[in-house]
Amino acid sequence: MKQVIIITGASSGFGALAARQLALAGHSVYAGMRATQGRNAPQVAAVEDFAREHGADIRAIEMDVQSDASVAAAIDRLIAERGRIDAVIHNAGHMSFGPAEAFTPEQFAELYDVNVLSTQRVNRAALPHLRAQGKGLLLWVSSSSARGGTPPYLAPYFAAKAAMDSVAVSYAGELARWGIETSIIVPGAFTSGTNHFAHSGKPADAARVAAYDQGPGADIAAVALKGLADLEPADADAAEVARAIVRIVGVPHGKRPFRVHIDPSEDGAEVVNAMADRVRAELLRRIGLEDLLRPRIAA
């Protein structure tokens, strides 16, 4: 069934791939991105070209997830045009790479804002509509770094993604009786196929970066990046994350998986998450809230 979907951070990477695949699957897709009349104008044009070429129902929409007003305006426009919203895909995020000590507290806060607080802005704008409908889907793009093997020099990003994953789990239970379903997709460290690593942020404290570069761990950054790349199978395809998102959206309401891993490098997140999700389910059963494990289905 055709669904009305908004996806954040859709100018590039997993977001751009997923927006196009969802549109090809027959859904009505709003590809959220900031600076649609500025630096992302070429991405807006690319979305328009794609829509014309494939006869797909997809459009770019101005949505700066670091702005309450921008997020609210995007959701208001969607509702005005479509009258409903079936799925919100939390994809926006940004990576950073460098020794943790060399990032300023303000940089940590910025990464947290992009990767975590953005989801709260979108939820506060969208959830009143989903709750009124008594049905909907929140799909969160997490990261295997939240619970898998974590190489050094990615501390601000890893901390933010772990926080976002935790927020997603909490929302899942709180929204279940409203008929709102939660799915969390967990991509591994795709070192190619997206601009995630290429566009990663750098520490602001150059003096401390230099200290690390000249110290006993001078080789850590190069070894970590090469090791991650070598661990990734030659046939790893970032587009598989987009295809997994399409599959999840296409599952009937109430039957979607809680968590799906797309991790060709198998860094261990799937093993740890399986245990954590099982412990969560068991606790909800023990405290009398087992019904929160699945969304309420309207009669």
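Given the structure is predicted, the values throughout are model-derived calculations rather than measurements.

Participant: How should I be thinking about the overall build of the protein in this particular structure?
Facilitator: A tally of regular secondary structure across the protein gives nine helices and seven strands. Expected size for 299 residues packed as a compact globule is a radius of gyration near 19 Å; at 19 Å, the protein falls within 12% of this value. Once the C-alpha set of the protein is aligned to its principal axes, its extents read approximately 65 × 50 × 40 Å. Across the protein, the fraction of contacts at a sequence separation of at least 24, relative to all contacts at a separation of at least 6, is 76%. Per element, the accessible surface of the protein, about 13,700 Å² overall, is 55% carbon and sulfur.

Participant: Can you help me understand the environment of Ile5 in this one?
Facilitator: Here Ile5 lies in strand β1 (residues 4-7). You can call Ile5 buried: its relative accessible area is 0%. Sequence separation of Ile5 and Leu78 is 73 residues, and the distance between their C-alpha atoms is 9.2 Å. Non-local contacts of Ile5, meaning those with residues more than four positions away in its chain, are made with Leu22, His27, Ser28, Val29, Tyr30, Ala87, Ile89 and Val249.

Participant: Looking at this model, I keep getting lost on the pairing of β1. Mind explaining?
Facilitator: For a regular strand, side-chain orientation follows a simple rule: the groups alternate between the two sheet faces. Burial along β1 is two-sided: Val4 and Ile6 and Ile5 and Ile7, pointing in opposite directions, are all buried. By the bridge criterion, four bridges tie β1 to strand β2 (residues 28-33) in an arrangement that is parallel. From the neighbouring strand, Ile5 faces β2, where its bridge partner is Val29.

Participant: Can you walk me through the packing of aromatic side chains in this structure?
Facilitator: For any two aromatic rings, the description comes down to two numbers: the centre-to-centre distance and the angle of the planes. Applying the stated rule across the entire model yields four aromatic pairs. Here Tyr157 and Phe158 contribute two aromatic rings whose centre-to-centre distance is 6.2 Å and whose plane-to-plane angle is 50 degrees, an arrangement assigned as tilted. The class of Phe158 is buried, set by a relative accessible area of 14%. One residue, Arg59, lies across the ring of Tyr30, its end atom 5.0 Å from the ring centre. Cation over ring: Arg131 sits above Trp178, and NZ or CZ is 4.7 Å from the ring centre.

Participant: I would appreciate a short explanation of the sheet that holds strand β5 (residues 136-141) in the present structure.
Facilitator: Two pairing modes exist for strands in a sheet, parallel and antiparallel, and in both the strands are linked by backbone hydrogen bonds. The strand order across the open sheet formed by seven strands is β3-β2-β1-β4-β5-β6-β7, and the pairing between neighbours is parallel. Of all strands in the sheet, those bounded by a partner on one side alone are β3 (58-62) and β7 (259-262). The mean inter-strand angle of the sheet, taken between neighbouring strand axes irrespective of direction, is 20 degrees. The pairing of strand β4 (residues 87-90) with β5 spans four bridges and is parallel. Pairing of Ile89 across the sheet is with Leu139, part of β5. Where helix α5 (residues 155-175) meets the sheet, it contacts β5, β6 (180-187) and β7, and its direction lies at approximately 165 degrees from that of β5.

Parameters at a glance
- Residues numbered from 1 in each chain as written.
- Predicted model: local features only at pLDDT ≥ 70, side-chain atom pairs only at ≥ 80, totals over all residues.
- Heavy atoms only, no water.
- Helix = DSSP H or I, 4+ residues; strand = E, 2+ residues; numbered from the N terminus.
- Rg over C-alpha atoms; globule rule 2.2 N^0.38 Å.
- Contact = heavy atoms within 4.5 Å.
- Areas by Shrake-Rupley, 256 points an atom, 1.4 Å probe, with all protein chains shown as cover.
- Buried < 20%, exposed > 50% of the residue type's maximum accessible area, 1.4 Å probe, protein only.
- Pairing = 2+ DSSP bridges.
- Phe/Tyr/Trp six-rings, centres within 6.5 Å; stacked < 30°, edge-to-face > 60°.
- Lys NZ or Arg CZ within 6 Å of the ring centre and 35° of its normal.
- Axes fitted to C-alpha atoms, helices over the stretch in contact; angles between N-to-C directions.

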